[in-house]
Amino acid sequence: MIKIGLTGFGDHEELYGKIKPADRLPAYSAYFPIVEIDSSFYAVQPVKNYEKWVNQTPETFKFIVKAYQGMTGHLRGKKNYYDTPEEMYQAFHTSIAPVRSAGKLAMALFQFPPWFDCTKDNVDFLREAKERLLDVPAAIEFRNDSWYSPDMRARTLQFLEQEGWVHTIADEPQAGSGSIPIVPVATRPDLTYVRLHGRNTSGWNQSSHPDWRKLRYLYRYSTAELTEWRDRLLELEQTCKDIYVVFNNNSAGDATPNALELQSLLGIDGGLAPRQLDLFT
């Protein structure tokens with residue numbers, strides 16, 4: 001089954017208008033069956049947040065929870081809230097317990113930084129992270145192309161399969177070593193994750209720009225590009241039971257219409273809110 005959603009639920013006024021934050025997730029969940037939680041990257045979220053989000057969503061709704069940046073090597077000298085890896089992972093497990101208990105955790109997402117390249121030390125890091133995750137299903141997204149170089153691609157995919165990682169397939173600009181190609185391969189028979197970041201090549205590496213995050217994800221997929229993804233997803237579905245797809249190209253509100261259009265191309269009827277019918281006419 002293919003399920004489509006967005007990254008975050010708080011910044012999509014084009015979807016539900018200007019409503020107070022407390023009402024945004026219920027409104028969002030009327031349109032999409034999944035959401036990626038991004039706030040968990042910046043800080044392990046309080047249990048009460050997940051309890052609230054679980055109670056605000058339909059029984060079949062699923063969350064993808066982004067791993068805290070201290071778990072993925074993003075801090076680089078910045079303060080970690082935790083003194084040891086053991087303490088950090090325990091906090092993460094405690095945090096997501098309400099989502100797991102409700103049966104609403106699709107997976108955790110480990111998105112690694114561009115400097116996390118394919119080395120023995122980093123492979124060992126991944127093995128240790130997977131052990132600390134216990135039985136939590138987890139997806140891995142690389143941001144360094146060395147993992148998919150001609151001599152490493154097959155070995156990377158084999159490693160992910162052996163270790164039980166969910167492969168994250170990314171669509172992003174091809175802008176040097178800090179971006180990866182589309183590699184439409186499932187490494188688990190039950191789960192695959194797809195993240196669509198847009199294809200703004202000129203904005204992808206402008207980290208020195210004050211609005212670099214907006215520039216990076218400023219892109220609207222064309223119908224032709226979404227049709228390519230429709231065909232790719234249908235092919236993936238032959239080797240994987242559940243495929244979760246999120247749009248992250250939201251700098252100018254493009255993620256929502258792109259996600260709705262891809263749903264339409266796939267013939268997905270998710271019990272969507274009636275307002276969707278006239279949102280983008």
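Residues numbered from 1 in each chain as written. Predicted model: local features only at pLDDT ≥ 70, side-chain atom pairs only at ≥ 80, totals over all residues. Heavy atoms only, no water.

### Re the sheet that holds strand β5 (residues 138–141)
One closed barrel holds the 8 strands; their spatial order is β1-β2-β3-β4-β5-β6-β7-β8, and the pairing between them is parallel. Averaged over all adjacent pairs, the angle separating strand axes in this sheet is 25°, with direction ignored. Packed onto the sheet, helix α10 (residues 223–236) meets β1 (2–7), β6 (166–171), β7 (191–196) and β8 (242–247) and runs at close to 160° relative to β8. (Pairing = 2+ DSSP bridges. Helix = DSSP H or I, 4+ residues; strand = E, 2+ residues; numbered from the N terminus. Axes fitted to C-alpha atoms, helices over the stretch in contact; angles between N-to-C directions. Contact = heavy atoms within 4.5 Å.)

### Digging into helix α6 (residues 120–132)
One full turn of an α-helix is made of 3.6 residues, so residues set three or four places apart face in the same direction. In a regular helix each residue adds 1.5 Å, so 13 residues correspond to 18 Å; α6 covers 19 Å between its end C-alpha atoms and thus fits that length. Within the sequence span of α6, burial applies to Asn122, Val123, Leu126, Ala129 and Lys130. Considered in projection along α6, the buried side chains sweep an arc of 120° and stay on one side of the axis. Exposed side chains of α6 directed beyond 90 degrees from the buried face belong to Lys120, Asp121 and Glu131. On its buried face, α6 sits against α5 (85–101), β4 (105–111), β5 and α7 (153–163). Looking one or two residues beyond α6, the residue adopting positive phi is Leu134, at roughly 60°. (Expected span 1.5 Å × (residues − 1). Buried < 20%, exposed > 50% of the residue type's maximum accessible area, 1.4 Å probe, protein only. Arc of directions from axis to C-beta.)

### Points about the environment of Phe61
Summarising the element assignment, Phe61 is placed in the loop between α4 (47–55) and β3 (62–66). Note on Phe61: relative accessible area 1%, which makes it buried. Leave out the neighbours within four places in its chain, and Phe61 touches Leu25, Tyr28, Ser29, Phe32, Pro33, Ile34, Val35 and Lys104.

### Focus on unusual backbone geometry
In this structure, Leu134 is a non-glycine residue whose phi angle is positive, near 60°. Looking at where Leu134 falls in the secondary structure, it is placed in the loop between α6 and β5. Given the relative accessible area of 59%, Leu134 is considered exposed.

### A few points about α5
The first and last C-alpha atoms of α5 sit 24 Å apart over 17 residues, in line with the 24 Å expected at 1.5 Å per residue. Ser95 marks the point of greatest bend in α5, at about 35°, and the proline Pro98 comes within the next four residues. Along α5, the residues that are buried comprise Met88, Tyr89, Ala91, Phe92, His93, Ser95, Ile96, Pro98 and Val99. Those residues of α5 that are buried lie in contact with α4, β3, β4 and α6. (Bend = angle between axes of the 7 residues up to and from the residue.)

### Things to note about the pairing of β6
Along β6, 6 of the 6 residues are buried, which leaves the element largely enclosed by surrounding structure. The pairing of β5 with β6 spans 2 bridges and is classified as parallel. Looking across to β6, one finds that Ala139 is bridged to Val166. One ladder, built from 4 bridges, connects β6 with β7; its direction is parallel. Each bridged residue has a counterpart across the sheet, and for Thr168 the counterpart in β7 is Tyr193.

### Quick notes on the confidence of the model for the protein chain
Scored by pLDDT, the protein chain comes out at a mean of 90, with 93% of its residues at no less than 70. Across residues 271–281, where pLDDT falls below 50, the model places 22 contacts with residues more than four positions away in sequence or in other chains. (pLDDT = per-residue confidence, 0-100.)

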